[in-house]
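Residue-level listing of the chains:
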Amino acid sequence: MTTGDNVHVLPQTDQLRAIHTIIRDKHCAREDFVFYSRRVIRLLLEAGLDLLPFTKKEVTTPVGATYQGLAFTSKICAVPVIRAGEAMESELRDLHPGMRIGKILIQRDKRTKLPRLYYQHLPADIAERHVLLLEPMLATAGSALAAIDVLRDAGVPEDHIIMINFISSPEGLRRVTTERPAVRIVTSSVEERLNEHAFMIPGIGDFGDRFFGTTDSGAAK
Ligand code: PRP
């Protein structure tokens, strides 16, 4: 698919493809899955942090010269969509130890694939913050849109939301960019398609199950 300005796909380097090759393999050991997916998560988070606003800042260097630099905005927070999004939270904590973290618990009904919101707890001033929405899988986009609506209901402007996806379906990207056009999305891969069971093809299986070790097999759900 042609991705618009608000969809940021990581550069498809040979290294990234080699990592994807390891973690997409259904025989990938869990420790390898965790290790290599964390490397991709780190790249995704760095790309997402690049999209935040910066303000001008000058500093004096040790040789007495002036460096015309930039300062990070402090008005940010992260919101993982439990459960799979929590795989990204620990990586973000390494990059930004003091970042405020909200939580949204959304689970898809195993049969209908429709999302259900179970729980939310967000920073009180979230409406004034830029939000990194941590949601590894974008399949039908039902869960992502439900999470975006929770943030909008809390007063977060759509253009303050940066969604971090591990892999995304063309159908899911189309839905989010059509229905919530100001939301920005960072992803490491745009998949070929969704199959009739709403699984991404070629896909990666159930990210949460593989990352947290709650299944014996990495086979696609
Ligand atoms: C997975 C994934 C996303 C959602 C994506 O969650 O983590 O939240 O499916 O699918 P969608 O775009 O079709 O909504 P799941 O409900 O399987 O729970 P998990 O986070 O515990 O794996």
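Residues numbered from 1 in each chain as written. Predicted model: local features only at pLDDT ≥ 70, side-chain atom pairs only at ≥ 80, totals over all residues. Heavy atoms only, no water.

Q: I'd love a proper account of the pairing of strand S2 (residues 54-60), names of residues and values included.
A: Among the seven residues of S2, zero are classified as buried, and the element is accordingly described as predominantly exposed. With seven bridges connecting them, S2 and strand S3 (residues 66-72) associate as antiparallel partners. By the bridge assignment for S3, Phe54 is matched with Phe72. In this antiparallel pair of consecutive strands, S2 and S3, the connection spans five residues, and Gly64 shows a positive phi of 85 degrees. (Buried < 20%, exposed > 50% of the residue type's maximum accessible area, 1.4 Å probe, protein only. Helix = DSSP H or I, 4+ residues; strand = E, 2+ residues; numbered from the N terminus. Pairing = 2+ DSSP bridges.)

Q: Quick rundown of the layout of surface pockets? Include the residues and the values.
A: Each pocket or cavity is described by its volume, and for the second largest pocket that value is around 170 Å³. Lining the second largest pocket are Gln12, Leu16, Arg17, His20, Thr21, Arg24, Ser188, Ser189, Val190, Glu191 and Pro202. Grouping the constituent residues of the lining of the second largest pocket by class yields three nonpolar, five polar and three charged. (1 Å grid on protein atoms, 1.4 Å probe; cavity = no way out; pocket = protein on both sides within 12 Å on 5 of 7 lines; lining within 4 Å. Points joined across faces, edges and corners; volume = space filled by probe spheres on them. Nonpolar A, V, L, I, M, F, W, Y, C, P; charged D, E, K, R; others polar.)

Q: So what's going on with the packing of helix H2 (residues 30-50) against helix H3 (residues 86-95)? Which residues, and what values?
A: Geometry of a packed helix pair, given as the angle between the helix axes and the separation of the axes. With their axes 10 Å apart at the nearest point, H2 and H3 run at an angle of 60 degrees to one another. If you check the angle between H2 and H3, you find them oblique. Two packed elements cross with a definite hand, and for H2 against H3 that hand is right-handed. The segment H2 lies against H3, with Arg38, Ile41, Arg42, Leu44, Leu45, Glu46 and Leu49 engaging Ala87, Met88, Glu91, Leu92, Asp94 and Leu95. Grouping the constituent residues of the contact of H2 with H3 by class yields eight nonpolar, no polar and five charged. (Axes fitted to C-alpha atoms, helices over the stretch in contact; angles between N-to-C directions. Parallel < 35°, antiparallel > 145°, perpendicular 65-115°, else oblique. Left-handed = near helix turned anticlockwise from the far one by under 90°. Contact = heavy atoms within 4.5 Å.)

Q: So, the pattern of salt bridges: which residues are in play, and what are the values?
A: Taken as a whole, this structure holds 15 salt bridges when the rule is applied. With a shortest N-O distance of 3.8 Å, Lys75 and Glu128 are connected by a salt bridge. Of this pair, Lys75 sits in the loop between S3 and strand S4 (76-82) while Glu128 sits in the loop between strand S7 (115-121) and strand S8 (130-134); the two residues are 53 residues apart in sequence, bridging distant segments of the chain. For Lys75, a relative accessible area of 32% translates into the label partly exposed. The salt bridge involving Asp209 is made with Arg83; its shortest N-O contact spans 3.0 Å. Here Asp209, found in helix H6 (residues 207-212), pairs with Arg83, found in the loop between S4 and H3; they are 126 residues apart in sequence, far enough to count as distant. (Salt bridge = Lys/Arg side-chain N within 4 Å of Asp/Glu carboxyl O.)

Q: A description of the site of the ligand should follow, citing residues and the corresponding values.
A: Lining the immediate surroundings of the ligand are 15 residues, of which Arg108, Glu135, Thr140, Ala141 and Ser143 lie closest. In this structure, an oxygen atom belonging to the ligand sits 2.8 Å away from a main-chain N or O atom of Ala141. Contact distances for the ligand include 2.6 Å between an oxygen atom and a side-chain N or O atom of Ser143. When the free accessible area of the ligand is taken as 500 Å², the share hidden by the protein chains comes to 97%. (Near = heavy atom within 4 Å. Polar contact = N/O pair within 3.5 Å; in protein donor to acceptor, adjacent residues only side chain to side chain. Areas by Shrake-Rupley, 256 points an atom, 1.4 Å probe, with all protein chains shown as cover.)

Q: Account for unusual backbone geometry, naming residues and giving values.
A: Among all residues save glycine, negative phi is the norm, and among peptide bonds the norm is trans. Look at the link from Ile82 to Arg83: it is a cis peptide, with omega at 15 degrees. Residues Ile201 and Pro202 are joined by a peptide bond in cis, for which omega reads 0 degrees. Mapped onto the fold, Pro202 is located in the loop between strand S14 (200-201) and H6. With a phi close to 80 degrees, Ala141 is a non-glycine residue in the positive phi region. Turning to its location among the elements, Ala141 is positioned in the loop between strand S9 (137-138) and helix H4 (142-153). For Ala141, a relative accessible area of 3% gives the class buried. Even without glycine at this site, Ala198 takes up a positive phi of about 65 degrees. Within the secondary structure, Ala198 is located in the loop between strand S13 (193-194) and S14.

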